[in-house]
Amino acid sequence: MKVWIFNHYAHPPDLPGGTRHYDLGRELVRRGHRVVIFATSFHHYLLRETRLQPGERWKIEDVDGLRFVWLRTPPYQRNDWRRVRNMVAFMFRAWWIGRRLPKLVPDIGKPDVVIGSSVHLLAVLAAYWVAKRYRTKFVMEVRDLWPQTLVDMGQLSERHPLTKVLQVLERFLYRRAERIIVLGPQMREYITARGVSRERIVWIPNGVDLTRFKSAAMPEMSHEGFQVIYLGAHGQANALDVLIQAAKIVQDRGYHEIHFVLVGDGPEKPRLIALAEELKLRNVEFRDPVPKAEAPKTLHEADALVITVESAFFTYGGSLNKLSDYMAANKPLIFSGKALYNPVEEAHCGLTVPPRDPQALAEAVIQLCRMPPEERAEMGKRGRAYVEEHHDIRKLAERLEKVLLNVVHGA
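Residues numbered from 1 in each chain as written. Predicted model: local features only at pLDDT ≥ 70, side-chain atom pairs only at ≥ 80, totals over all residues. Heavy atoms only, no water.

Participant: Could you clarify how one ought to interpret the overall build of the protein in this entry?
Facilitator: The helix and strand inventory of the protein stands at 15 helices and 16 strands. Radius of gyration (C-alpha) of the protein: 21 Å, near the 22 Å computed for a compact globule of 411 residues. Principal-axis analysis of the C-alpha atoms places the extent of the protein at approximately 65 × 45 × 45 Å. Every one of the 411 residues in the protein was classed for burial, and the buried ones make up 59%. In the protein, 72% of the contacts between residues at least 6 apart in sequence involve partners at least 24 apart. Counting every atom, the protein has about 17,400 Å² of accessible surface; 50% of that belongs to carbon and sulfur. Measuring between centres, the 60 positive side-chain charges of the protein sit 9 Å from its 48 negative side-chain charges. (Helix = DSSP H or I, 4+ residues; strand = E, 2+ residues; numbered from the N terminus. Rg over C-alpha atoms; globule rule 2.2 N^0.38 Å. Buried < 20%, exposed > 50% of the residue type's maximum accessible area, 1.4 Å probe, protein only. Contact = heavy atoms within 4.5 Å. Areas by Shrake-Rupley, 256 points an atom, 1.4 Å probe, with all protein chains shown as cover. Lys, Arg positive; Asp, Glu negative; His and termini not counted. Charge placed at Lys NZ, Arg CZ, Asp CG, Glu CD.)

Participant: Explain a nonpolar patch on the surface to me, please; I cannot follow it from the model alone.
Facilitator: A contiguous nonpolar surface patch, about 230 Å² in accessible area, is contributed by Val84, Val88 and Phe92. Classification of phenylalanine 92 by relative accessible area gives partly exposed; the value is 42%. (Patch = residues over 30% accessible without salt bridge, like charges linked within 9 Å, V, L, I, M, F, W, Y side chains within 5 Å. Salt bridge = Lys/Arg side-chain N within 4 Å of Asp/Glu carboxyl O.)

Participant: Hey, could you run me through the side chain of glutamate 401 in this one?
Facilitator: Within the secondary structure, glutamate 401 is located in helix 15 (residues 393–408). For glutamate 401, the residues in contact, after removing those within four places along its chain, are Met1, Leu28, Arg31 and His33.

Participant: Sorry if this is basic, but what is going on with the pairing of strand 7 (residues 113–117) here?
Facilitator: As a general feature of sheets, a regular strand has side chains that alternate between the two faces. For strand 7, a buried count of five out of five residues is recorded, marking the element as mostly surrounded by other parts of the structure. On strand 7, burial covers both faces: Val113, Ile115 and Ser117 on one face and Val114 and Gly116 on the other are all buried. Two elements, strand 1 (residues 2–6) and strand 7, share four bridges in a ladder whose sense is parallel. Bridging from a neighbouring strand, phenylalanine 6 pairs with glycine 116 of strand 7. Relative to strand 8 (residues 137–142), strand 7 is paired through five bridges, and the arrangement is parallel. Its bridge partner lying in strand 8, glycine 116 is registered against methionine 140. (Pairing = 2+ DSSP bridges.)

Participant: Teacher, can you tell me more about the nonpolar core here?
Facilitator: Where a protein is soluble and globular, its nonpolar side chains tend to be buried together. If you look at the biggest cluster of nonpolar residues, it comprises 62 residues, and the most contacted ones within it are Ile258 and Phe260. Counting residues per element, this core draws most heavily on helix 13 (residues 358–370), at eight residues. The contacts of phenylalanine 260, once residues within four sequence positions are left out, are Val228, Leu243, Ala247, Val250, Asn283, Val284, Glu285 and Val365. Residues Phe42, Ala94, Leu101 and Ala127 belong to the second largest nonpolar core, which totals 50 residues. (Core = buried A, V, L, I, M, F, W, Y, C linked by side-chain atoms within 4.5 Å.)

Participant: Explanation requested: the pattern of salt bridges in the structure shown.
Facilitator: A pair can form between side chains of opposite charge whenever their charged atoms are brought close. Scanning the entire structure with this criterion turns up 26 salt bridges. Of the charged contacts, one joins aspartate 112 and lysine 2 as a salt bridge, the two residues approaching to 3.9 Å between their closest N and O atoms. Of this pair, aspartate 112 sits in the loop between helix 3 (101–104) and strand 7 while lysine 2 is found in strand 1, placing the two residues 110 residues apart along the sequence. Exposure remark for aspartate 112: the relative accessible area of 27% places this residue in the partly exposed category. Measuring nitrogen to oxygen at the nearest pair gives 3.3 Å for the salt bridge that ties aspartate 325 to lysine 292. Note that aspartate 325 is positioned in helix 11 (residues 321–328) and lysine 292 in the loop between strand 13 (284–287) and helix 10 (295–300), a separation of 33 residues in sequence.

Participant: Please explain the packing of helix 11 against helix 14 (residues 373–390) as it appears in this structure.
Facilitator: The angle between the axes and the distance between the axes are what describe a pair of packed helices. In the contact formed by helix 11 and helix 14, the axes pass within 7 Å of each other and the chain directions differ by 120°. Taken as axis vectors, helix 11 and helix 14 run oblique relative to one another. Taken together, the residues of helix 14 that come into contact with helix 11 (itself represented by Ser324, Met327 and Ala328) are Gly380, Gly383, Arg384, Tyr386 and Val387. For the contact of helix 11 with helix 14, a count of residues per class yields four nonpolar, three polar and one charged. (Axes fitted to C-alpha atoms, helices over the stretch in contact; angles between N-to-C directions. Parallel < 35°, antiparallel > 145°, perpendicular 65-115°, else oblique. Nonpolar A, V, L, I, M, F, W, Y, C, P; charged D, E, K, R; others polar.)

Participant: Quick question: what am I supposed to make of unusual backbone geometry here?
Facilitator: Working note: non-glycine residues mostly have negative phi, and peptide bonds are mostly trans. Residue proline 147 is reached from tryptophan 146 by a cis peptide bond, and omega for that bond is 5°. Its location among the elements puts proline 147 in the loop between strand 8 and helix 5 (148–152). The backbone phi angle of arginine 135 is positive, close to 55°, even though this residue is not glycine. In this structure, alanine 239 is a non-glycine residue whose phi angle is positive, near 50°.

Participant: Whenever I open this one, the environment of valine 63 confuses me. Can you help?
Facilitator: Among the structural elements, valine 63 can be located in strand 5 (residues 58–63). As for valine 63 and proline 13, which are separated by 50 residues in sequence, their C-alpha atoms are 9.6 Å apart.

Participant: Can you walk me through the pairing of strand 11 (residues 226–231) in this structure?
Facilitator: Of all the six residues making up strand 11, six are buried; the element is thus mostly covered by neighbouring parts of the structure. Burial along strand 11 is two-sided: the residues Phe226, Val228 and Tyr230 and Gln227, Ile229 and Leu231 are all buried.

Participant: Hey, could you run me through the environment of valine 29 in this one?
Facilitator: With respect to the element layout, valine 29 can be found in helix 1 (residues 20–30). Valine 29 gets classed as partly exposed once you look at its relative accessible area, which sits at 24%. Not counting residues within four places of it along the chain, the set of residues in contact with valine 29 comprises Val35, Gly65 and Leu66.

Participant: Even after reading the chapter, I still don't get a positive patch on the surface, so can you show me in this structure?
Facilitator: Taken together, the side chains of Lys132, Arg159, Lys164, Arg171, Arg175 and Arg176 define a basic patch exposed on the protein surface. Here the positive patch gets four residues from one element, more than from any other, and that element is helix 6 (residues 161–176). Tracing the backbone shows arginine 171 in helix 6.

As structure tokens, this is what we get:
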């Protein structure tokens, strides 16, 4: 098959961020398929251009057998109208290049199936337009439920005209997709409530390339004390202010051996640094983001890993990018959030505390610190076993391949 994937925020492993479609695409290529990924060259964590030279509007880059089509989109610094402009620009430029690509690069050929992946619906709409242009199959992937996520986060009201427009677009795309891929099983209930038959919905969660976590490649741990690491985006949905407040509680209670490390970037990072300075924290360290390929080494440094999310954001949320990597790292986890699908609880690989509760989060950190190392190690092993069974990227790619072959051949 020739598979085209439209994901505004797709990344290869030499950049920080999620590599879902790189990982799945590479496995499809190994199975003999040809994969093209349309993505922006402006990195939404680093907030800078990463692939295009001045004057370039787009280019194709071969990455491990995949072809990335990098599109220039306008820069932005925060979640305001400039980011909306960036999304609209991606939609139109992806559509414009997509409908001309076989003429511009003849060896690519026309697609057999086109996948449109949210976060936002405009990227999915561009994919639909391109699929219609070639009279080929269209598959929708839902990573975030728009506009519901925006409503839950308080960024839009239920009655806002933009909410109504996005709801109409959401239903339009659901109706026209041959299959709808969701990242969390609980998303099925939301989508079926909008008139979609359950048979058209397929669950393919985020996965992990377990070969990146070979123990032989991991350096010896050299830090003293008990190190808690967060690795990922520093955005509103990540609720990292709760982690900073928990660090204050831990410090005030005299657990000076506990050290918090936040690795990554995003629009909230300056505010988080200012908060840590205001609270006079001596147990918090901020580090620059690392490429996805280097993430396993960073996670290996931890005695425990932590994830915090906004309570509203993850109610119907799918599958956190970082969660599979965390569990693959053989480390105990702390999940601060409320989710209908919670692998940390299912795998018994860590502790779950309520969202936006710094006291409960601090208590969980202290509990893990005081726990015998052998017990923490058993938690880590259970998490690793769980991702090997449910989130191995090779198994998920096989599932995706079957879905796409059924769609292409009308099964």
